[in-house]
Amino acid sequence: MTQARSEQVDEETTRHYHCMTRCVRGAFLCGYDKHSNRDFEHRRRWIVDRLKFLESVFAIDVLAYAVMANHLHLVLELMSDVAAAWSPAEVVERYGRVFPMPVSDFNGLSDAQQAERVAKWRERLSSLSWMMRALNEWVARRANREEGCTGRFWQGRFTSEPLLDESALLTCMAYVDLNPVRSGECQRLEDARWTSIGARLHHTTKVLDAADEASPTGAPAGLVPFADQASLPGGVAARAPCEPLSRSVPMNFVDYVELLEWTGRTERERGPSGTLRGPPPAVLTRLRIRSDAWLRAMRVQGLKSRGALGRVDALDAFAEKRGRSRTAGRAFALALFG
């Protein structure tokens, strides 16, 4: 049954969410469509650039993304505490960069009306729904304009899945970043151009080449850095002086890359008896994630949304907060996380 967005998104429960949106009737969002003999590959750049722009405006950070042929994955972090620190003038300026029409008559309002609007806009600038609206509606209008048509571009509203703990966040980020490798679109992580891992690896290579030294580097603009990158130069997009730096992904980037590479390599090189080749990365042991279950989760539909993702105790607390006896995904969490 469809849930109200207010039930799905609750920053007090978790700041992290996995969002996915799909084109209507599985039509092509990007890439080459052999049926219409048209190439829509350039639309991937639209989406990545728009996403980077929205991240610089909203109090929402991007941890991972994958722009696929007919759907889009995002892992986002809500940061309403950042929005709360903005001055009224900054709220108006930021909101006007995305929605210029409502701001055009702001100066003509009374003080009370201005205060009311600032409060509303401040809330929207940390809202998952409003950021996805600013992304999806913009893409749909531009694509329809390009094709000279009207009507729906996206299948429906985006789906959002709460990521309740560190293990869930890591699992979902890896699943998103491995999308093009899993689909056969590319064989290597560095070739996954329209994903966050591709952008991170390209940025790292570029910075290391320029510096000519093998030291860690920050994350590219528009993406949250990992723990070993957060305090390094070139790590995050510039924010206003009153804002804190983006939070970091709670693990080291080198460990994350090792985990993704092991996942892809193991699936290709699994022995004839089905046994794994090579020991699992230490991060799986640290997070108490079962390696066999991890590999199953990384396959197509292996991480299909079950309402929320997290360990069993986190799922039970999530269900209790919503007045339910239990929530979907409990058996999956038990198999994956133990």
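Residues numbered from 1 in each chain as written. Predicted model: local features only at pLDDT ≥ 70, side-chain atom pairs only at ≥ 80, totals over all residues. Heavy atoms only, no water.

(A) Seen up close, the overall build of the protein. Summing up its helical and strand segments, the protein has 15 helices and six strands in all. Within the protein, the fraction of its 338 residues that count as buried is 51%. Accessible surface computed for the protein: about 16300 Å², of which carbon and sulfur atoms make up 52%. (Helix = DSSP H or I, 4+ residues; strand = E, 2+ residues; numbered from the N terminus. Buried < 20%, exposed > 50% of the residue type's maximum accessible area, 1.4 Å probe, protein only. Areas by Shrake-Rupley, 256 points an atom, 1.4 Å probe, with all protein chains shown as cover.)

(B) Highlighting the layout of surface pockets. Reported here for the second largest pocket is a volume of approximately 420 Å³. Lining the second largest pocket are 18 residues; nearest its centre among them are Arg45, Val48, Lys52, Tyr65 and Ala199. Contributions of two or more residues to the lining of the second largest pocket are made by helix H2 (42-57), strand E4 (60-67) and helix H10 (196-211). Among the elements that make up the lining of the second largest pocket, the one with the highest residue count is H2 (five residues). (1 Å grid on protein atoms, 1.4 Å probe; cavity = no way out; pocket = protein on both sides within 12 Å on 5 of 7 lines; lining within 4 Å. Points joined across faces, edges and corners; volume = space filled by probe spheres on them.)

(C) How the structure looks around helix H4 (residues 88-98). Taken as a whole, H4 has its buried residues at Glu90, Val91, Val92, Arg94, Tyr95, Gly96 and Val98. In the core, the buried residues of H4 are packed alongside H2, helix H5 (100-103), helix H6 (111-124) and helix H7 (128-147). (Contact = heavy atoms within 4.5 Å.)

(D) Just the packing of helix H14 (residues 312-321) against helix H15 (residues 330-337), in detail. Two elements in contact, H14 and H15, have axes whose closest approach is 9 Å; the angle formed by their N-to-C orientations is 155°. By the angle between their axes, H14 is roughly antiparallel relative to H15. Contacts between H14 and H15 involve Val312, Leu315 and Asp316 on the former and, on the latter, Arg330, Ala333 and Leu334. Here the residues of the contact of H14 with H15 sort into four nonpolar, no polar and two charged. (Axes fitted to C-alpha atoms, helices over the stretch in contact; angles between N-to-C directions. Parallel < 35°, antiparallel > 145°, perpendicular 65-115°, else oblique. Nonpolar A, V, L, I, M, F, W, Y, C, P; charged D, E, K, R; others polar.)

(E) Region of the structure containing the pairing of E4. Burial analysis of E4 places eight of its eight residues in the buried class, the great majority of the element. In the sheet, E4 pairs with strand E5 (residues 71-78) via seven bridges, with the strands oriented antiparallel. Bridge pairing in E5 places Tyr65 opposite Leu74. (Pairing = 2+ DSSP bridges.)

(F) Structural context of empty space enclosed by the protein. Under the definition given, this model contains one cavity of 30 Å³ or more. Of the pockets and cavities examined, the largest cavity occupies roughly 50 Å³. Lining the largest cavity are Glu166, Leu169, Leu170, Met173, Phe226, Val249, Pro250, Met251 and Tyr256. Considering every element that reaches the lining of the largest cavity, the biggest residue donor is helix H8 (residues 166-177), with four residues. Counted by class, the lining of the largest cavity contains eight nonpolar, no polar and one charged residues.

(G) The sheet that holds strand E1 (residues 16-22), seen in detail. The strand order across the open sheet built from four strands is E4-E5-E1-E6, with neighbouring strands paired in antiparallel fashion. Strands with a single pairing partner mark the edges of an open sheet, and in this sheet they are E4 and strand E6 (159-162). Taking the axes of each pair of neighbouring strands and ignoring which way they run, one obtains an average angle of 20° across the sheet. Its contacts with the sheet place H2 against E4 and E5, and it is angled at close to 170° to E4. Across the sheet, H8 touches E1, E4 and E5, and the angle it forms with E4 is around 40°.

(H) Up close: the pairing of E5. Of all eight residues in E5, eight are buried, a share of seventy percent or more. The two faces of E5 match: His71, His73, Val75 and Glu77 on one face and Leu72, Leu74, Leu76 and Leu78 on the other face are all buried. Where E1 lies against E5, seven bridges are found, and the strand directions are antiparallel. Paired with Thr21 across the strands is Leu72, a residue of E5. Connecting the antiparallel pair E4 and E5 is a turn made up of three residues.

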